[in-house]
Amino acid sequence: MSAFSYTSDQLRQLATDVLRHAEQCGASACETDVSEGYGQSVTVRKGEVETIEFNRDKGIGVSVYLGQRLGHASTSDFSAASLRATVEAALSIARFTAEDPCAGLPEPELLARNTDDIDLDLYYPWPIIVEDAIDIARRSEQAAFAVSPLISNSEGASVSAHAAHFVSANSLGFMGGYPSTRHFISCVPIATKGKDMQRDDWYSGWRDPADLAAPEVIGDYAARRTLSRLGAKKLKTRQCKVMFEAPLAAMLIGSFVHAVSGGSLYRKSSFLVDSLGKRIFPEWMSIEERPHLKKGLASSPFDDDGVATQDRTVVANGVVQGYFLSTYTARKLGMQTTGNAGGSHNLLVAPSPAAPTDFAGLLKQMGTGLLVTELLGHGINYVTGDYSRGAVGYWVEKGEIAYPVQEITIAGNLRDMFAGIEMIGRDVVTRGSRSVGSIVVNRMTVAGS
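All of the points below concern the structure found in this document.

Thresholds, definitions, all that
- Residues numbered from 1 in each chain as written.
- Predicted model: local features only at pLDDT ≥ 70, side-chain atom pairs only at ≥ 80, totals over all residues.
- Heavy atoms only, no water.
- Helix = DSSP H or I, 4+ residues; strand = E, 2+ residues; numbered from the N terminus.
- Buried < 20%, exposed > 50% of the residue type's maximum accessible area, 1.4 Å probe, protein only.
- Core = buried A, V, L, I, M, F, W, Y, C linked by side-chain atoms within 4.5 Å.
- Axes fitted to C-alpha atoms, helices over the stretch in contact; angles between N-to-C directions.
- Parallel < 35°, antiparallel > 145°, perpendicular 65-115°, else oblique.
- Left-handed = near helix turned anticlockwise from the far one by under 90°.
- Contact = heavy atoms within 4.5 Å.
- Nonpolar A, V, L, I, M, F, W, Y, C, P; charged D, E, K, R; others polar.

1. Regarding unusual backbone geometry
Although it is not a glycine, Asp274 sits at a positive phi angle of roughly 60°. Note on placement: Asp274 falls in the loop between helix 6 (262-266) and strand 9 (287-289). By relative accessible area, Asp274 is classed as exposed at 52%. In this structure, Glu407 is a non-glycine residue whose phi angle is positive, near 55°.

2. Details of the nonpolar core
Counting 49 residues, the largest nonpolar core has Phe244, Phe256, Ile287, Leu370 and Ile410 as the members making the most contacts within it. Looking at which element gives the most residues to this core, the answer is helix 5 (residues 246-259), with eight residues. Counting 24 residues, the second largest nonpolar core, distinct from the first, contains Val42, Ile185, Ala191 and Leu230.

3. Concerning the packing of helix 1 (residues 8-24) against helix 2 (residues 80-96)
Between helix 1 and helix 2, the least distance of the axes is 10 Å, while the angle of their chain directions is 45°. Comparing the axis directions of helix 1 and helix 2 gives the class oblique. The interaxial crossing formed by helix 1 with helix 2 has right-handed handedness. In contact with Leu14, Asp17, Val18, His21 and Ala22 of helix 1, helix 2 contributes Leu83, Arg84, Val87 and Glu88. When its residues are assigned to classes, the contact of helix 1 with helix 2 shows five nonpolar, one polar and three charged.

4. Thoughts on the environment of Cys187
Its location among the elements puts Cys187 in strand 5 (residues 175-193). Classification of Cys187 by relative accessible area gives buried; the value is 1%. Along the backbone, Cys187 and Ser82 are 105 residues apart, and their C-alpha atoms lie at a distance of 43 Å. Leave out the neighbours within four places in its chain, and Cys187 touches Ser140, Glu141, Ala144, Gly156, Ala157, Asp200, Asp201, Trp202, Ile218, Gly219 and Ala222.

Structure, rendered in structure tokens:
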């Protein structure tokens, strides 16, 4: 894998050229993003190389304002002529758009300053050659096959490495950017016993390749998860406790983030409209946002608007302390941006005070109910909070896994589910911007046979 084609200084110069040309053409304000990235990925299936992919991309996005009229255009051509044409195309669009009283750059005092002095430790290039990536993928898949003869097939094991850097700038004097990396190893084994066929997966993804789990560990764990699903049964319809395994608990927290994000709130398409200052979770529950974590998968010194990010409490004692707002959505709501243009940053969900030290202890505390390890479909109505998803998992009796289950649906309402969280485990995993342990909800409807 080769390095970047452009230096950081060159990206900054391109951004400067865009801003200068926009000003010369009469734009009242302008913002631009200049980025470049490259990566490679390999997939091995049953020991044979299935895919090898290389990618390299670059782009410039330009947003210009004529008063409160906004136009946007983009290009992947970094030539001077293309930059000028892109700025002029954005201006042409702006001339024909309606005025929007909420459009415009952030307030100058909210913009990030001295961003070059902030090192969040996000850049760990992995100069891995294709042959070594293939070897790692094979080792992961071989470890899966070695667990049991019942692991008879595979959807493949993959290794990917990606690096990118960017510069954002606007006509208020803000300019900032940094390089970052993301690397992954994954494995998806298939188990067969008679007519029963099951699959499961596991992966590790981090900024620094040194932090990735060993490929053999990933393959072994993915295989054991797959084997444990053999002999899955249906359940009769009932109401019971439901435990969302940690990766799915992260998705549940993601539903909360979506419901209290600016776009959902100002469009009134959320069941949590006007929830600021109200308790929606148990009184012991807290969620912290930490944008400046070293090596964090969602760390950044500024958001997509250039607004400085900062640590904050999103939920305290079960009460919503803050929304997720960009400059635009904050203005639509008559509020101030929270530095979340582009989404949430690292969210840390604290375990419940009496949570046991391990996952087995969490099962024992739950007692009897459903452990969900995979969700299917997209049955969430954010206007009402109604929740209905296909599910796969395990029936738990007296704190022990009794048998795997499939072809079931879990249903409830997110407002009731949030209020009904009984426990959050210490088996924390990080998925994207969210770090959380398994979550136990006190009561949901499980629909089966």
